[in-house]
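Architecture and fold: a report
For reference, the chains in residue letters:
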Protein chains: 2
Amino acid sequence: MESNQLYNHLERLSELLRTDLRKSGIEHGLQPVQLEVLHYLSVCNRYSDTPLAVTEYLGQTKGTVSQTIKVLEQKGLLLKRSDTEDRRVSHLELTKKGHKLLDRLVPPPMLIKACDKLPQKAHKQINHALHQLIMALLQSNGMKSFGVCHTCRYNGRSEDGGYYCNLVQQPLSVDDVQRICREHETAA
Amino acid sequence: MESNQLYNHLERLSELLRTDLRKSGIEHGLQPVQLEVLHYLSVCNRYSDTPLAVTEYLGQTKGTVSQTIKVLEQKGLLLKRSDTEDRRVSHLELTKKGHKLLDRLVPPPMLIKACDKLPQKAHKQINHALHQLIMALLQSNGMKSFGVCHTCRYNGRSEDGGYYCNLVQQPLSVDDVQRICREHETAA
DNA sequence: AAAGTAAGTATCGACTCGATACTTATTTCA
DNA sequence: TGAAATAAGTATCGAGTCGATACTTACTTT
């Protein structure tokens, strides 16, 4: 069984990460899943900052995510605003307090320490390997990729040379194209 | 910040794995953490099959682990036996039912699918990268390695040519040296 | 306008997990 | 040798997770 060893590693890694996340989060009254939501919101684009997008990203139900968001809002770490076009939709935005907290906790200190000791080359290899694995997982299970616009098949250029999304038919800034989008589809 | 991208990947991977584990576990009435305990017990050696070892491996408190184990015992997935030498200590052992269940759920189908699509070479690279990362994490944070006896500094040979552990002063079988030990220390 | 659908919320129950206090067994050491 | 310290594990509590279900509100379809 080839995937056995791989699973051993993944489970261990996952457990180490989660334990560390729990430990550093608890000092600020945050659960692992809450940190994950904050982190996601800090890297997603303006079409992907809704509760539903979080739901898809985390693979939970919308009820569960709704709870998590409520708590984060009460803690003053994020702000909820109704969409002006479709009032069923909410947009979530980190507050300054939220950003500050995230900056201190993510990436977790444990990981930073480990990275410092790794040579540049190993670092690159690991990053590449992880990316490859994630892609394989998503593709072979027909899941959304949640990649950055830059690598999306809908991403193009407008006449003035700027970036342009052919799906939502909107221009994108340089910052935009480096953010995660829930509509992302890998370029062919 | 070099570790940022790495963290993005790790968090995503961890989340994907956990969601899948939750989904497949729920069908058998098992939580992710319960599956992790079962899996650990299936790969650890006879010095590492105690509640305390599980506690260290999962990075939780002994109270929490005690609960988890109690549930698994009630479900008939594992057996608890008192140590004959030190009656404070319990040894945990998967039942046939436990082994059967684990065989069906681990590795998770999602991962198996992904592995099938990955070329042999990529598979090896990913495995190596993960191992390297785990080692870096454990070393730079002074944590127990939980490696297999085969790679331990205490592992040696006895006069008759068999394996021998210089820490517990006991001979080890061929099967033994491929199992995870809580006393494991990386060879110098 | 009515039915259908989508986004999000409210509530409930089973479960996790840390904290604290406890029991029992072993070790230390005066 | 006997009391204190320590170790392994359990019991209990409370805050929080998470899925299921039912609901509200808003948009879409026909």
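Structure shown above.
Residues numbered from 1 in each chain as written. Chains lettered and ligands numbered in written order. Predicted model: local features only at pLDDT ≥ 70, side-chain atom pairs only at ≥ 80, totals over all residues. Heavy atoms only, no water.

Brief notes about the relation of the copies chain B and chain A
- Laying chain B over chain A is done by rotating through 180° and shifting 0.0 Å along the axis; what remains is an RMSD of 0.0 Å. Interpreted geometrically, this transformation is the action of a two-fold axis. Within chain B, the C-alpha atom positioned nearest to the axis of rotation is that of Ser14(B), 2.5 Å from it.
- When the interface residues of chain B are mapped onto chain A, 100% of them again lie at the interface, so the same face is used by both copies. (Least-squares fit on C-alpha atoms with pLDDT ≥ 70 in both. Contact = heavy atoms within 4.5 Å.)

Brief notes about the protein's contact with DNA strand D
- With respect to spatial proximity, 22 residues lie near DNA strand D, and among them Arg87(A), Lys62(B), Ser66(B), Lys80(B) and Ser90(B) are the closest.
- Of what DNA strand D places within 4 Å of the protein, 74% of the atoms are sugar or phosphate.
- Within the side chain of Gln34(A), a nitrogen or oxygen atom sits 2.9 Å from a phosphate oxygen of DNA strand D.
- Side-chain polar atom of Ser66(B) to a phosphate oxygen of DNA strand D: 2.8 Å apart, as the coordinates give it.
- Taken together, the elements giving at least two residues each to the surface near DNA strand D come down to helix H2 (32-43) of chain A together with helix H3 (51-58) and helix H4 (62-74) of chain B.
- Here the surface near DNA strand D takes four residues from H4(B), the largest share from any one element.
- Residues that form the surface near DNA strand D fall into these classes: four nonpolar, nine polar and nine charged. (Near = heavy atom within 4 Å. Polar contact = N/O pair within 3.5 Å; in protein donor to acceptor, adjacent residues only side chain to side chain. Helix = DSSP H or I, 4+ residues; strand = E, 2+ residues; numbered from the N terminus. Nonpolar A, V, L, I, M, F, W, Y, C, P; charged D, E, K, R; others polar.)

Observations concerning the packing of aromatic side chains
All names here are of chain A.
- Evaluated as defined, the whole model comprises six aromatic pairs over all chains.
- Ring geometry for Tyr57 against Phe146: centres 5.0 Å apart, planes inclined by 75°, an arrangement best described as edge-to-face. Residue Tyr57 is found in helix H3 (residues 51-58), and its partner Phe146 is found in the loop between helix H7 (120-140) and strand S3 (155-157); the two are separated by 89 residues along the sequence.
- With relative accessibility at 7%, the residue Tyr57 sits in the buried group. (Phe/Tyr/Trp six-rings, centres within 6.5 Å; stacked < 30°, edge-to-face > 60°. Buried < 20%, exposed > 50% of the residue type's maximum accessible area, 1.4 Å probe, protein only.)

Describing the pairing of strand S2 (residues 90-94) of chain A
Residue and element names in this part refer to chain A.
- Counting buried residues in S2 gives four out of five residues, a clear majority hidden from the surface.
- Of the strand pairs in this sheet, strand S1 (residues 78-82) and S2 are connected by five bridges, and their pairing is antiparallel. Bridging from a neighbouring strand, Lys80 pairs with Leu92 of S2. (Pairing = 2+ DSSP bridges.)

Digging into the protein's contact with DNA strand C
- Surveying the vicinity of DNA strand C reveals 23 residues, the closest of which are Lys62(A), Ser66(A), Gln67(A), Lys80(A) and Ser90(A).
- By atom count, sugar and phosphate contribute 72% of the portion of DNA strand C lying within 4 Å of the protein.
- Leu52(A) places a main-chain nitrogen or oxygen 2.9 Å from a phosphate oxygen of DNA strand C.
- Within the backbone of Thr61(B), an N or O atom sits 3.3 Å from a phosphate oxygen of DNA strand C.
- If you list the elements that add at least two residues to the surface near DNA strand C, you get H3 and helix H4 (62-74) of chain A together with helix H2 (32-43) of chain B.
- In terms of residue count, the dominant contributor to the surface near DNA strand C is H4(A) (five residues).
- Residue classes in the surface near DNA strand C are distributed as four nonpolar, 10 polar and nine charged.

A closer look at the interface of chain B and chain A
- In this complex, chain B contributes 56 residues to the contact, which on the side of chain A involves 56 residues.
- Between chain B and chain A lies a buried interface of about 5900 Å² when both sides are counted; carbon and sulfur atoms form 67% of it.
- Run the count over chain B and chain A and you get zero salt bridges.
- On the surface where chain B and chain A come into contact, there are 17 residue pairs in polar contact (both at pLDDT 80 or more).
- Elements represented by at least two residues in the side of chain B that touches chain A include exactly helix H1 (3-26), H2, H3, helix H6 (109-117) and helix H7 (120-140) of chain B. (Buried area = accessible area lost by both parts, 1.4 Å probe. Salt bridge = Lys/Arg side-chain N within 4 Å of Asp/Glu carboxyl O.)

Topic: the sheet that holds strand S5 (residues 170-172) of chain A
Residues and elements named next belong to chain A.
- Reading across from one edge, S3-S4-S5 is the order of the three strands in this open sheet, with antiparallel pairing throughout. Of all strands in the sheet, those bounded by a partner on one side alone are S3 and S5. With direction set aside, neighbouring strand axes in the sheet form an average angle of 45°.
- As paired elements, strand S4 (residues 163-165) and S5 share three bridges and run antiparallel to each other. In the sheet register, Tyr164 faces S5, and the bridge partner there is Pro171. (Axes fitted to C-alpha atoms, helices over the stretch in contact; angles between N-to-C directions.)

Details of the side chain of Thr68(B)
Residues and elements named next belong to chain B.
- Along the chain, the position of Thr68 falls in helix H4.
- Residue Thr68 is classed as buried on the basis of its relative accessible area, which comes to 9%.
- Those residues in contact with Thr68 that lie beyond four places of it in its chain are Val33, Gln34 and Val37.

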